[in-house]
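Residue-level structure breakdown
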Amino acid sequence: MKNICKEQVQLLLHNKFVVILGDSIQRSVYKDLVLLLQKDRYLTQSQLKEKGELNFECDQLVEGGKIGGLNNGTAYREVRQFCTAHHLVRFYFLTRIYSTYMESILADFKGGPQPDVVIMNSCVWDVSRYGINSMKEYRMNLEKFFMRLKEILLPESLIIWNLTMPLGKKVYGGFLVPEIQHMEKTLRSDIIEANFYSATLADSHKFDVLDLHYHFRFELQNRMKDGVHWNQLAHRKLTFLLLGHIAEAWNVDLPDNKLENPCKNSSDVMVTVTPLSDIRIVSHPTSAKSSSTDFSCRINVQVGSSEQTSTDSVVKQSRKQGKKQRKQKENLWHSSTRQRRQFKNLGTFWNENMAYNDSYLYNREDEHYFSGNGFAQNDGPYFREFMQPHRHRFVMRSPPAKRHFAPYSVHRGAPFYRY
């Protein structure tokens, strides 16, 4: 993942039409992208929590939101648009992946300008708010939506399907109305199943898939207390992942910028900006030539005192929770070592028999089962080799038997649990 400044984002998305479809998390993706197109700073807590506002960072509420009335029903609508002379970003709020409202959105694509990039996700509302057969209907709607999308959009359009990010053990939010509180304990497992099916289906339709569940499985300290939404640090990482994916799809080589924290407590922040002439476009027939102008400059970012305090507290809390998670991983490693000693007569610790027959390794009530701290089955849906023996060869840096010190006790090398 590369750090990208606003000048590089402006050049990458120059004369491009970007559409984002999804729920409140995708709305935060839209907000962070709009903010990064204008300023090198993070979103604030109030900007993340607010919905349906009339204006956000020079954008415009087109439909729904405070115009049509705020509510938590499945009929809620919100359409936002950010438009400049060379950039167009639009957001549609969805509560279901395919419906009559989605057909009206596809009609907009067919009648108006065709989007160059479509970033989409819809899962949590689909599998929780539409009855006992919601998972079956979600699969059918996904198939219909992907087929209609291929019929409407041009082959040159870049379509990115985002997988749903990890949910917490206790979930509460606007979508979780009292009528479906009983689904709180099973919703995490439903999300993993829906992610696996949607990723497989999107790949069969030749769409790009960005596995956010994988990328954020060890970023749980950046998740909000409601167990669903994420803070500004996680959303900036998500934006960098999306922009890096888009740049790679268009064969654009972006340099990695070592930016200072744009939200630190200072009224004059020095941001190192790489010249746009260093951004090399390898091959893209519709892209304009990169400018030879040097845009290295000193940028004064005015940050209000309330924004400084809120962002600094989020950073400190994220570091504190990160230390707690590293301690949990260390305890998990010691637990796996004890289990290895009990079964040392089996030879290899991570074999296919233990991966399927030992229920004590995968307790569905444990937090690490869904948060990514479990080794075999959390990664099972994403690896074809899960059905094969000797799994430690591509998951572990080395077998646990050869390891004589706890994880993170030394500062050399990469984490032991993945290449």
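See the structure above.
This section reports on the structure supplied with the text. This structure is a prediction, so every number in the text was calculated from the model and none was measured.

A separate point is the environment of Met183. By the element assignment, Met183 lies in the loop between strand S6 (158-162) and helix H7 (187-204). Given a relative accessible area of 12%, Met183 falls into the buried group. For the pair formed by Met183 and Val127, sequence separation is 56 residues and the distance between their alpha carbons is 9.8 Å. With residues up to four places along the chain from it excluded, the contact list for Met183 reads Val127, Ser128 and Asp190.

What follows is about the pairing of strand S3 (residues 78-83). In this sheet, S3 lies alongside strand S2 (residues 60-64) in antiparallel orientation, the contact comprising four bridges. Bridge assignment links Leu61 to a residue of S3, and that residue is Arg80. In terms of strand pairing, S3 meets strand S4 (residues 87-93) through five bridges, oriented antiparallel. Within the sheet, the bridge partner assigned to Val79 lies in S4 and is Tyr92. Hairpin remark: S3 followed by S4, antiparallel, with three residues in the connecting loop.

Turning our eyes to something else, we now look at helix H6 (residues 134-152). Along its 19 residues, H6 runs 26 Å from first to last C-alpha, staying within 8% of the 27 Å computed at 1.5 Å per residue. What H6 keeps buried is the set Ser134, Met135, Tyr138, Asn141, Leu142, Phe145, Phe146, Leu149 and Ile152. Viewed end-on, H6 has its buried residues packed into an arc of 135 degrees, placing them on one side of the element. Exposed and facing more than 90 degrees away from the buried side of H6 are Lys136 and Glu151. The elements touched by buried residues of H6 are strand S1 (16-22), helix H4 (100-111), strand S5 (117-120), helix H5 (124-128), S6 and H7.

Moving on, we come to the sheet that holds strand S7 (residues 208-210). The strand order S2-S3-S4-S1-S5-S6-S7 describes an open sheet built from seven strands, whose pairing is mixed. Strand pairing shows two members of the sheet lacking a second neighbour, S2 and S7, which therefore form its edges. Sheet twist, expressed as the mean angle between neighbouring strand axes with direction ignored, is 15 degrees. As defined by bridge partners, S5 adjoins S6 across four bridges and the pair is classed as parallel. Across the sheet, the residue bridging to Val118 is Ile159, located in S6.

What follows concerns the packing of aromatic side chains. Inspection of the entire model under this criterion finds eight aromatic pairs. Plain terms: the ring middles of Tyr92 and Phe109 are 6.2 Å apart, the flat faces sit at 80 degrees to each other, and that makes the pair edge-to-face. One end of the pair, Tyr92, is in strand S4; the other, Phe109, is in helix H4, and 17 residues separate them in sequence. Between Phe146 and Trp161 the ring centres are 5.5 Å apart and the planes differ by 90 degrees, which places this aromatic pair in the edge-to-face class. Remark: Trp161 occurs in strand S6 and Phe146 occurs in helix H6; sequence separation between them is 15 residues.

Counting through the fold element by element, Arg236 comes out in helix H9 (residues 232-249). We classify Arg236 as buried; its relative accessible area is 6%. Apart from the residues within four sequence positions on either side, Arg236 is in contact with Asp32, Leu35, Leu36, Arg41 and Tyr42.

Definitions and cut-offs
- Residues numbered from 1 in each chain as written.
- Predicted model: local features only at pLDDT ≥ 70, side-chain atom pairs only at ≥ 80, totals over all residues.
- Heavy atoms only, no water.
- Helix = DSSP H or I, 4+ residues; strand = E, 2+ residues; numbered from the N terminus.
- Buried < 20%, exposed > 50% of the residue type's maximum accessible area, 1.4 Å probe, protein only.
- Contact = heavy atoms within 4.5 Å.
- Pairing = 2+ DSSP bridges.
- Expected span 1.5 Å × (residues − 1).
- Arc of directions from axis to C-beta.
- Axes fitted to C-alpha atoms, helices over the stretch in contact; angles between N-to-C directions.
- Phe/Tyr/Trp six-rings, centres within 6.5 Å; stacked < 30°, edge-to-face > 60°.

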